[in-house]
Amino acid sequence: MSERTESGRPEISIIVPVYQVEKYLNECIDSILAQTFTDFELILVDDGSPDNCPALCDAAAKRDSRVRVIHKQNGGVSTARNAGLDAAQGNWIAFVDSDDTVEPEYLEKMHKAVLETGADFAICSSQCIDETGKTLAGGEHRLLNEFLPQEEVLRRMVVSDFQVPWNKLYRRKLLENLRYPENKAFEDTCLMPVIYARAASACGVWDFLYNYRIVTGSAMHRKTTLKTLDWVEAWYRLFDVLYQNGIRDALCAAYRPILTAVWDIWLHLTPEERKQYDDFYAPIIKEFYQKNPQGKELADWKFQRYMRDYAKVVKTLDDNVGRVLDYLKEKNLLDNTLVVYTSDQGFYMGEHGWFDKRFMYEESMRTPLIMRLPKGFDRKGDITEMVQNIDYAP
């Protein structure tokens, strides 16, 4: 139990993105308002929901002064969470999905844990419920009442409980200047590695305090499409954070979902997408088996095939850089925009053989940066001094 601090700011801000959950929204709101820890604000972000959700949000605000409502045009769950973050006043931040519920001690136990341990965030066990609210069998505790240093936090990113924004209480500074990527699927998994890389430590809470509702047709249970590539990107970000921080024993677990997703996309290509692929590669594959190259001829064939595909990718990128420049010119933005045209540090062949950018030979340190300066800058020519090794994440 807690009362509002003397500063007038709530101790905790709870952000709930709301969209087409009329059937479950009141149950979610009621579970939050029934918290034993009372010093919080509840921010309901109506993401342009076309059902009765906007009215339900306003009704909740009328009956409890801790509830704030934001009505906005539909932009997706990321834009809703970001709007909530922009409005949040609490020292700690929590997220709850609008079709889920939380136990009465959800806030109290996690808040107590972070204060006792000094951790940057707390994470509690979660369990699944069905559409009626009944707890589904098979739930297991994947957390203890434990203190987790940063290395262990990063290692556990491959565990499902660590890949979602809910079931956690974050210190406000962890989310400063961070926002969820918009217009992407799996946006939460995409941001979590960045948050964890900022956290010095975390603490686990053993209790089942968060109830995740399994709803047919929800975003977490969508069919495979090319949007699954967003899942690949999210897991690559996770993999890269593990790699950069030297957590090698978790790399295989992080790479497996990438391969699975890519294979899944291939299996679920539409007939039109598969025809495009087959029309291009079928003649190439047929010619390969007819020639049956061996030895040096096989190596030459692999090199040529790889280089031709690579060159097509480069051309596609180059064409799209042109589209960006055309857009900037059309919008009268070109004269005050710095455009940096670069390449990755990897992909070199020669005396070192084929090698990835992680192997920083001298050639890697000489990757050029070509810059188009804004109007008024008269600096021209080459700058040969190495200033910074820039690595662009996907």
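The structure reproduced in this document is the subject of the present report. A quick note: this is a predicted structure, and the numbers were derived from the prediction, not measured. Per chain, residue numbering runs from 1 following the sequence as it is written. Totals for whole chains, interfaces and linings use every residue, but because this is a predicted model, local features are given only for residues with pLDDT of at least 70 and side-chain atom pairs only at 80 or more, for both listing and counting. Hydrogens and waters are ignored; side-chain quantities use all the structure's heavy atoms.

## Considerations on the overall build of the chain
A count of helical and extended segments in the chain gives 10 helices and 11 strands. Three labels apply to residues, based on accessible area from a 1.4 Å probe with only protein chains included: buried if under 20% of the type maximum, exposed if over 50%, partly exposed otherwise in between. In the chain, which comprises 394 residues, the proportion classed as buried is 39%. Note on contacts: a residue pair qualifies if any of its non-hydrogen atoms lie within 4.5 Å across the two residues. Long-range contacts, defined here as pairs at least 24 residues apart, represent 77% of the contacts in the chain between residues at least 6 apart. All accessible areas in this document rest on Shrake-Rupley with a 1.4 Å probe, and a residue is counted as covered only by the protein chains that are shown. A total accessible area of about 22600 Å² is found for the chain, and carbon and sulfur atoms account for 54% of it. Only runs of H or I of at least four residues qualify as helices and only runs of E of at least two qualify as strands under DSSP, and these elements are numbered from the N terminus.

## Examining a nonpolar patch on the surface
Like-charged residues are merged into a patch within 9 Å and nonpolar side chains (Val, Leu, Ile, Met, Phe, Trp, Tyr) within 5 Å, provided each residue has over 30% relative accessible area and no salt bridge. Any Lys or Arg side-chain nitrogen located within 4 Å of an Asp or Glu carboxyl oxygen qualifies as a salt bridge. The grouping of Leu-338, Val-340, Leu-369 and Met-371 at the surface amounts to a nonpolar patch, some 320 Å² of accessible area in total. Mapped onto the elements, Val-340 comes out in strand 10 (residues 339–342).

## With respect to the packing of helix 7 (residues 229–244) against helix 8 (residues 251–267)
Two elements in contact, helix 7 and helix 8, have axes separated by 9 Å at closest approach and are oriented at 165 degrees. Taken as axis vectors, helix 7 and helix 8 run roughly antiparallel relative to one another. The handedness of the crossing between helix 7 and helix 8 is left-handed. For the pair helix 7 and helix 8, the contacting residues are Leu-229, Trp-231, Val-232, Trp-235, Tyr-236, Leu-238, Phe-239, Leu-242 and Tyr-243 in the first and Leu-251, Ala-253, Ala-254, Tyr-255, Pro-257, Ile-258, Ala-261, Val-262 and Ile-265 in the second. An axis is simply a line fitted to the C-alpha atoms; with a helix, the fit covers only the stretch in contact. Between two such axes, the angle follows the N-to-C directions and lies from 0 to 180 degrees. Angle categories are assigned with fixed cut-offs, so that under 35 degrees is roughly parallel, over 145 is roughly antiparallel, 65 to 115 is roughly perpendicular, and the rest are oblique. Definitions for this section: a left-handed crossing has its near helix turned counterclockwise from the far helix by less than a right angle. A right-handed crossing has that turn clockwise.

## With respect to the pairing of strand 1 (residues 12–18)
A large share of strand 1 lies buried, amounting to 7 of its 7 residues. The side-chain alternation of strand 1 yields two buried faces, one formed by Ile-12, Ile-14, Val-16 and Val-18 and the other by Ser-13, Ile-15 and Pro-17. Sheet analysis places strand 1 next to strand 2 (residues 40–47), joined by 7 bridges and oriented parallel. Paired with Val-18 across the two strands is Asp-46, which belongs to strand 2. Once the chain exits strand 1 it traverses helix 1 (residues 25–33) before rejoining the sheet at strand 2, and the crossover so formed is right-handed. In this structure, strand 1 lies alongside strand 4 (residues 92–95), joined through 4 bridges in parallel fashion. Of the residues in strand 4, the one forming a bridge with Ser-13 is Ile-93. DSSP-based pairing: two strands are paired if at least 2 bridges between them are found. Think of it like this: strands point away, you trace from the first strand over the helix to the second, and a clockwise trace means the crossover is right-handed.

## Some thoughts on the side chain of Ser-126
By the secondary structure assignment, Ser-126 is in strand 6 (residues 121–129). There is a polar contact of 3.1 Å between the side chain of Ser-126 and the side chain of Asp-161. When sequence neighbours within four positions are dropped, the list of residues in contact with Ser-126 reads Arg-142, Asp-161, Trp-166, Asn-167, Phe-208 and Tyr-210. Polar contacts, as used here, are pairs of N or O atoms within 3.5 Å; protein pairs need one atom able to donate a hydrogen and one able to accept it. Residues neighboring in sequence count only if both atoms are side-chain atoms.

## Considerations on helix 4 (residues 106–117)
Since there are 3.6 residues in each turn of an α-helix, residues three or four apart along the chain are aligned in direction. Residue count minus one, scaled by 1.5 Å, sets the expected span of a helix. Helix length check: helix 4, at 12 residues, gives a terminal C-alpha distance of 17 Å against a target of 16 Å (1.5 Å per residue), a fit within 8%. What helix 4 keeps buried is the set Tyr-106, Leu-107, Met-110, His-111, Ala-113 and Val-114. In an axial view of helix 4, the angular spread of the buried residues amounts to 160 degrees, which keeps them on one side of the axis. Across from the buried face of helix 4, at angles greater than 90 degrees, the exposed residues are Lys-112, Leu-115 and Glu-116. Two residues or fewer after helix 4 comes Gly-118, characterised by a positive phi angle close to 75 degrees. To be clear, the arc concerns the directions from the helix axis to the C-beta atoms.

## What about the pairing of strand 8 (residues 168–171)?
When strand 4 meets strand 8, the two strands line up antiparallel, connected through 2 bridges. Bridge assignment links Trp-92 to a residue of strand 8, and that residue is Arg-171. Judged from the 3 bridges that link them, strand 6 and strand 8 form a sheet pairing that is antiparallel. Among the inter-strand pairings, Ile-123 is bridged to a residue of strand 8, identified as Lys-168.

## A closer look at the pattern of salt bridges
Pairs can form between side chains of opposite charge whenever their charged atoms are close. Following the criterion strictly, the structure yields 24 salt bridges and no others. Of the charged contacts in the structure, one is a salt bridge between Arg-66 and Asp-64, with a shortest N-O distance of 2.9 Å. Both residues of the pair, Arg-66 and Asp-64, belong to the buried class. Within the structure, one salt-bridge network assembled from shared partners comprises Glu-146, Glu-151, Glu-152, Arg-155, Arg-156 and Asp-249.

## So, the side chain of Asp-47
Within the secondary structure layout, Asp-47 lies in strand 2. Taking relative accessible area as the criterion, Asp-47 reaches 3% and is therefore assigned buried. The residues touching Asp-47, leaving out its near neighbours within four places in the chain, are Val-18, Tyr-19, Lys-72, Gln-73, Asn-74, Gly-75, Gly-76, Val-77, Thr-79 and Ala-80.

## Quick word on helix 2 (residues 53–63)
Every buried residue of helix 2 is accounted for by Cys-53, Pro-54, Leu-56, Cys-57 and Ala-60. End-on, the buried residues of helix 2 take up no more than an arc of 165 degrees, which puts them together on one face. Taken together, the buried residues of helix 2 touch strand 1, helix 1, strand 2 and strand 3 (67–72).

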